[in-house]
Amino acid sequence: MSGSGKSEFSKPVYARPRSLVDVKTHFCPGCHHGTIHKIVAECIDRYEVREKTIGVACVGCAVFLYDYIDVDVVEAPQGRAHAVATGVKRAQAAK
């Protein structure tokens, strides 16, 4: 123990990424969407690209990306997320 009375084990080992919105998840137990959102938010923060990021989510539970990560998100039809992302990238490059 240190002089302050706190053990070295009381230090936080994890902090919520700034880009990850502080809301309760609605995903089913055992679902990996929450883990993926955390990893994506950590990468957005690490590379400091939040203001430049546009998410593309297809239908299904992935569409709730806009509830969990603090970036602009566009929804895409089933199986068309890659095509929509390509269109978004080209539209942004044309500016």
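Scroll up to find the structure this text is about.
For clarity, every value in this text was computed on a predicted model and none was experimentally measured. (Residues numbered from 1 in each chain as written. Predicted model: local features only at pLDDT ≥ 70, side-chain atom pairs only at ≥ 80, totals over all residues. Heavy atoms only, no water.)

Trainee: Is there a simple way to explain the packing of aromatic side chains in this structure?
Mentor: The geometry of two aromatic rings is summed up by the distance between their centres and the angle between their planes. Counted according to the given criterion, the structure contains two aromatic pairs. Plain terms: the ring middles of Phe27 and Tyr68 are 5.3 Å apart, the flat faces sit at 35° to each other, and that makes the pair tilted. Here the residue Phe27 occupies a position in the segment before α1 (33-46), and Tyr68 occupies one in helix α2 (residues 65-68), the gap between them amounting to 41 residues. Judged by its relative accessible area of 7%, Tyr68 is buried. (Phe/Tyr/Trp six-rings, centres within 6.5 Å; stacked < 30°, edge-to-face > 60°. Helix = DSSP H or I, 4+ residues; strand = E, 2+ residues; numbered from the N terminus. Buried < 20%, exposed > 50% of the residue type's maximum accessible area, 1.4 Å probe, protein only.)

Trainee: Looking at this model, I keep getting lost on the pattern of salt bridges. Mind explaining?
Mentor: Should the charged atoms of two oppositely charged side chains come close, the side chains can pair. All chains considered together, the criterion is met by one salt bridge. We note a salt bridge from Lys38 to Glu42, for which the minimum N-O separation is 3.4 Å. Pair noted here: Lys38 and Glu42 are both in helix α1, with a separation of four residues, about one helical turn. Lys38 gets classed as partly exposed once you look at its relative accessible area, which sits at 25%. (Salt bridge = Lys/Arg side-chain N within 4 Å of Asp/Glu carboxyl O.)

Trainee: Explain the nonpolar core here, please?
Mentor: One broad trend across soluble globular proteins is that nonpolar side chains are buried collectively. One finds Leu20, Ala41, Ile44, Ala57, Leu65, Ile69 and Val71 forming the largest nonpolar core, which totals seven residues. Ignoring any residue separated from it by four or fewer positions in sequence, one finds Leu65 in contact with His37, Gly55, Ala57 and Val73. (Core = buried A, V, L, I, M, F, W, Y, C linked by side-chain atoms within 4.5 Å. Contact = heavy atoms within 4.5 Å.)

Trainee: Would you mind going over the pairing of strand β1 (residues 54-58) with me for this structure?
Mentor: Side-chain direction in a regular strand flips from residue to residue, so the side chains alternate between the two faces of the sheet. The alternating pattern of β1 places Gly55 and Ala57 on a buried face and Ile54, Val56 and Cys58 on a face that is not buried. In this structure, β1 lies alongside strand β2 (residues 72-76), joined through five bridges in parallel fashion. What sits directly across from Val56, in β2, is Val74. (Pairing = 2+ DSSP bridges.)

Trainee: Would you take a moment to explain α1 for this structure?
Mentor: Relative to the 20 Å expected for 14 residues at 1.5 Å per residue, α1 spans 20 Å between its end C-alpha atoms, a close match to the ideal helical length. Within α1, burial applies to His37, Ala41, Ile44 and Asp45. Along α1, the residues classed as buried sweep out an arc of 95° about the axis, all on the same side. Of the surrounding elements, those touching the buried residues of α1 are α2. Downstream of α1 by a residue or two, Glu48 has a phi angle that is positive, lying close to 50°. (Expected span 1.5 Å × (residues − 1). Arc of directions from axis to C-beta.)

Keep in mind these values describe shape, not function.
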